[in-house]
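# Architecture and fold: a report
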Amino acid sequence: MKVCKFGGSSLADAGQIKKVCNIILSDPERRIVVVSAPGKGVNDPQKVTDMLITTASAALSMGREEAQFCMRKITSRYANIAHELGVDSVTERITADLNALLECDTSNPHKFVDMMKAAGEDNSAKLVAAYLTSLGHKATYVNPGRCGMILSDEYGNAKVLDKSFKLLAESLAEIDGIIVFPGFFGRTESGEIATFPRGGSDITGAILAAAVGADVYENFTDVDYVYSVNPKLTDDPHPIKVVTYREMRELSYAGFNVYQEEALLPVFKVGIPVNIRNANNPSCPGTMIVADRKDSAAPRVAGIASDSDFTSIYVNKYLMNREIGFGRRLLSILEDEGISYEHTPTGIDDMTVIIRDTLLDDTVLERIVARLKNELGADDVQVERGLSLIVVVGEGMKHGVGVAAAATSALSKAGVNISMISQGSSEVSMIFAVKREHENAGVKALYDAFLGKQLLE
Ligand code: ASP
């Protein structure tokens, strides 16, 4: 049995929804279908989720009338799609559901915004189920909260609770025919709607695949493959046909946006393969994400990714290596300030912490620097803003020698100065911090060095 998930671009309009339903119906194994909210389409410049967020902000800051104006654009978008699909009968239900949201309590803005955001996927699922039914198939819309998708109460950033897997498996087993499940949200233990982070329908699909023990989790999007480098940077990006969970995790961490990074965990834990496919080209086999890749024939490097907007804080103290607890005290200052860090490369007398820029406004940064000097007695603290990280990813790196040498030489030939190098102990990735303006040149140089002339199998 397959769990398949369709992203927003595949549900943007009636034409796309018809394509999606053809894909579902072409394989009887496709029993559980997770849908996103309608995304950007040929005639629709905005994702429904973004429109809902705008409507929620209008309700919170400007009042009901302004919000009703924004909501009308959303209800008419659903109504147009329903009309073109020949399922006008569902429009009334969707319109009533959306309008009722504007009557809800706004005293907790986080809860209110999540409730609004969830309506995008919820009504998308009602639409797809109605269309499949109109074609004569048994298809059931299910409500995630009522089927056991129980989440933590971190609104906008919720996590699935362990008990959900069993509850979902039990309730979905009782439903015949095609199950149409809205992505992106569930309910908290106290019954409130909560959403995953953006792109979270991928997470819903992964949770369902794990809960029901699917043979494969098919994730339909709008590209044929995951490519080994950002396709905007080169004319001939190589398709990745097979990649491991660990490689994919590293690639998604550093800017590969095809698959939500948190959506790997549920399937990784139980070893269910993920197949990234193109809803606009369903005959293309797509990229398989699996536990192991046969390394003998595969290249050492699977892909090169990059991400910008990092800050490095360099701390130097003579004889730091002999001072017991120095690292712990440094990191506990960050903990105290509520800041998470990304990397901590160390030297003998120095330690650097790499942090996302968004977490550090100037006031927080100044306070941290002062604390490092006063509380740790650091001899020197230096801050560098505007860094990018380039990540070379490949399980095969641990089997070969010379990857670091080849990478640094490629970067030096391209005139890219490396501010920091870090190789995770797992040897799945090697990370280079460079100045933002050197990011693309660095990625291209590394891509040419490792993948430019190889074909990936
Ligand atoms: N609709 C949500 C978003 O735009 C979730 C998703 O599509 O996966 O982030």
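The structure displayed is predicted, hence computed values, not measured ones.

Looking now at the overall build of the chain. Regarding its fold elements, the chain presents 13 helices and 18 strands. For 457 residues, the compact-globule estimate of 2.2 N^0.38 gives 23 Å, and the C-alpha radius of gyration of the chain, at 24 Å, lies within 12% of that figure. The principal-axis extent of the C-alpha atoms belonging to the chain is close to 75 × 55 × 40 Å. Residue burial in the chain is summarised as follows: out of 457 residues, 52% are buried. In the chain, once contacts between residues fewer than 6 apart in sequence are set aside, the share between residues at least 24 apart is 74%. Of the roughly 20,200 Å² of accessible surface on the chain, a fraction of 50% belongs to carbon and sulfur atoms. For the chain, the distance from the average site of its 47 positive side-chain charges to the average site of its 60 negative ones is 2 Å.

With that out of the way, let us pick up the environment of Ala-169. Along the chain, Ala-169 falls in helix H6 (residues 163-173). For the pair Ala-169 and Tyr-155, spaced 14 residues apart in sequence, the C-alpha to C-alpha distance is 24 Å.

Moving on, we get to the site of the ligand. Around the ligand, the neighbouring residues are Ser-36, Lys-47, Thr-49, Glu-121, Phe-184, Arg-198, Gly-199, Gly-200 and Ser-201. Here an oxygen atom of the ligand and a side-chain polar atom of Ser-36 are 3.0 Å apart. Protein contact buries 92% of the 260 Å² of open area that the ligand shows by itself. In the shell around the ligand, the residues fall into one nonpolar, five polar and three charged.

Attention now moves to unusual backbone geometry. Within the chain, Phe-184 stands out as a residue other than glycine whose phi angle is a positive 80°. With respect to the secondary-structure elements, Phe-184 resides in the loop between strand S5 (178-182) and strand S6 (185-188). Residue classification places Phe-184 among the buried residues on the basis of a relative accessible area of 2%. Positioned with a positive phi, Leu-319 is a non-glycine residue whose angle comes to about 65°. Structurally, Leu-319 is set in the loop between strand S14 (303-316) and helix H10 (326-336).

To continue, consider the sheet that holds strand S15 (residues 350-356). If you trace the five strands from one edge of the open sheet to the other, you get S15-S14-S16-S18-S17, paired in antiparallel fashion. Looking at strand neighbours, the two that pair on one side only are S15 and strand S17 (418-423), the edges of this open sheet. On average, adjacent strands in this sheet sit at an angle of 35° to one another, irrespective of strand direction. Pairing analysis gives 11 bridges linking S14 to strand S16 (residues 380-393), with the strands arranged antiparallel.

Looking at the element boundaries, Gly-15 is found in helix H1 (residues 14-25). Distance from Gly-15 to Gly-120, taken between C-alpha atoms, is 18 Å for residues 105 residues apart in sequence.

Along a regular strand, successive side chains alternate from one face of the sheet to the other. Taken across its six residues, strand S2 (residues 30-35) has five buried, putting it largely inside the fold. In this structure, strand S1 (residues 2-6) lies alongside S2, joined through five bridges in parallel fashion. Paired with Phe-6 across the two strands is Val-35, which belongs to S2. Taken together, S1, H1 and S2 constitute a β-α-β crossover, and its handedness is right-handed. Inspection of the sheet shows S2 paired to S5 by four bridges, in the parallel sense. Each bridged residue has a counterpart across the sheet, and for Val-33 the counterpart in S5 is Val-180.

Moving on to the pattern of salt bridges. In the structure shown here, the tally under the stated rule is 29 salt bridges. Across the pair Arg-371 and Glu-337 runs a salt bridge, and its minimum N-O distance is 3.0 Å. One end of the pair, Arg-371, is in helix H11 (residues 362-376); the other, Glu-337, is in the loop between H10 and S15, with 34 residues separating them in the sequence. Owing to a relative accessible area of 18%, Glu-337 belongs among the buried residues under this scheme. In this structure, Glu-384 engages Lys-435 in a salt bridge whose closest nitrogen and oxygen atoms are separated by 2.7 Å. Taken together, the positions of Glu-384 in strand S16 and Lys-435 in strand S18 (residues 429-435) put the pair 51 residues apart, joining distant regions of the chain. Look at Lys-435 and you get partly exposed, because its relative accessible area is 36%. Residues participating in the shared-partner salt-bridge network are Lys-2, Asp-27, Arg-30, Glu-218 and Arg-277.

Closest axis-to-axis distance for the H1/helix H5 (residues 109-134) pair is 11 Å, and the angle between their directions is 65°. Crossing geometry of H1 relative to H5 is assigned as right-handed. Along the contact surface, H1 presents Ile-17, Lys-18, Cys-21, Ile-24 and Leu-25, while H5 presents Leu-127, Val-128, Tyr-131 and Leu-132.

Let us look at H6. When we look at burial in H6, the residues that qualify are Ser-164, Leu-168 and Leu-172. For H6, the buried positions fall inside an angular range of 50° around the axis, keeping them on one side. Along H6, exposed side chains directed more than 90 degrees from the buried face belong to Lys-166 and Ala-173. On the buried face of H6, the contacting elements are S2, strand S4 (150-151), S5 and helix H7 (201-212).

Moving on: H1. Between its first and last C-alpha, H1 extends 16 Å over 12 residues, near the 16 Å set by a 1.5 Å rise per residue. Among the residues making up H1, those that are buried are Ala-14, Gln-16, Ile-17, Val-20, Cys-21, Ile-23 and Ile-24. The elements touched by buried residues of H1 are S1, S2, helix H3 (64-85), H5, S5 and strand S8 (216-221). Looking at where H1 begins, the residue whose side-chain oxygen comes 3.2 Å from the main-chain nitrogen of Gly-15 is Asp-13.

Reading the values: rules and limits
- Residue numbers run consecutively from 1 along every chain, following the written order of its sequence.
- Reporting of local features is limited, given that this is a predicted model, to residues whose pLDDT is at least 70; pairs of side-chain atoms are given and counted only at 80 or more, and all residues count toward the totals for whole chains, interfaces and linings.
- Side-chain metrics in this entry use all non-hydrogen atoms of the structure; hydrogen atoms and water are not considered.
- Segments assigned H or I by DSSP are reported as helices when at least four residues long, segments assigned E as strands when at least two residues long, and all are numbered from the N terminus.
- Radius of gyration: C-alpha atoms only; globule rule: 2.2 Å multiplied by the number of residues to the exponent 0.38.
- When a residue's accessible area, from a 1.4 Å probe over protein chains only, is under 20% of the maximum for its type it is buried; when over 50% it is exposed; and in between it is partly exposed.
- We call two residues in contact when some of their heavy atoms are within 4.5 Å.
- Using a 1.4 Å probe, the Shrake-Rupley method yields the accessible areas, and only the shown protein chains count as cover for residues.
- Charged residues are defined here as Lys and Arg on the positive side and Asp and Glu on the negative side; His and the ends of the chain fall outside this count.
- To locate a charge, take atom NZ for lysine, CZ for arginine, CG for aspartate or CD for glutamate.
- By convention in these notes, a residue is near a molecule or strand provided one of its non-hydrogen atoms lies within 4 Å of it.
- We define a polar contact as two N or O atoms separated by no more than 3.5 Å, with the added condition that, inside protein, one atom must be a possible hydrogen donor and the other a possible acceptor, whereas residues neighbouring each other in sequence contribute only through side-chain atom pairs.
- Residue polarity is assigned by list, with Asp, Glu, Lys and Arg as charged and Ala, Val, Leu, Ile, Met, Phe, Trp, Tyr, Cys and Pro as nonpolar; anything else, Gly included, falls into the polar class.
- In this analysis, strands are considered paired if DSSP registers two or more bridges between them.
- Between the N-to-C directions of two axes lies an angle of 0 to 180 degrees, each axis being a line fitted to C-alpha atoms and, for a helix, fitted only over the stretch in contact.
- Whether a crossover is right-handed comes down to one check: with the strands pointing away from the viewer, does the path from the first strand over the helix to the second run clockwise; if it does, it is right-handed.
- A side-chain nitrogen of Lys or Arg and a carboxyl oxygen of Asp or Glu constitute a salt bridge if their distance falls within 4 Å.
- The sense of a crossing depends on the near helix, which, turned anticlockwise from the far helix by less than a right angle, makes the crossing left-handed and, turned clockwise, makes it right-handed.
- Taken from the helix axis, the directions to the C-beta atoms give the arc we talk about.
- A helix is expected to span 1.5 Å multiplied by its residue count minus one.

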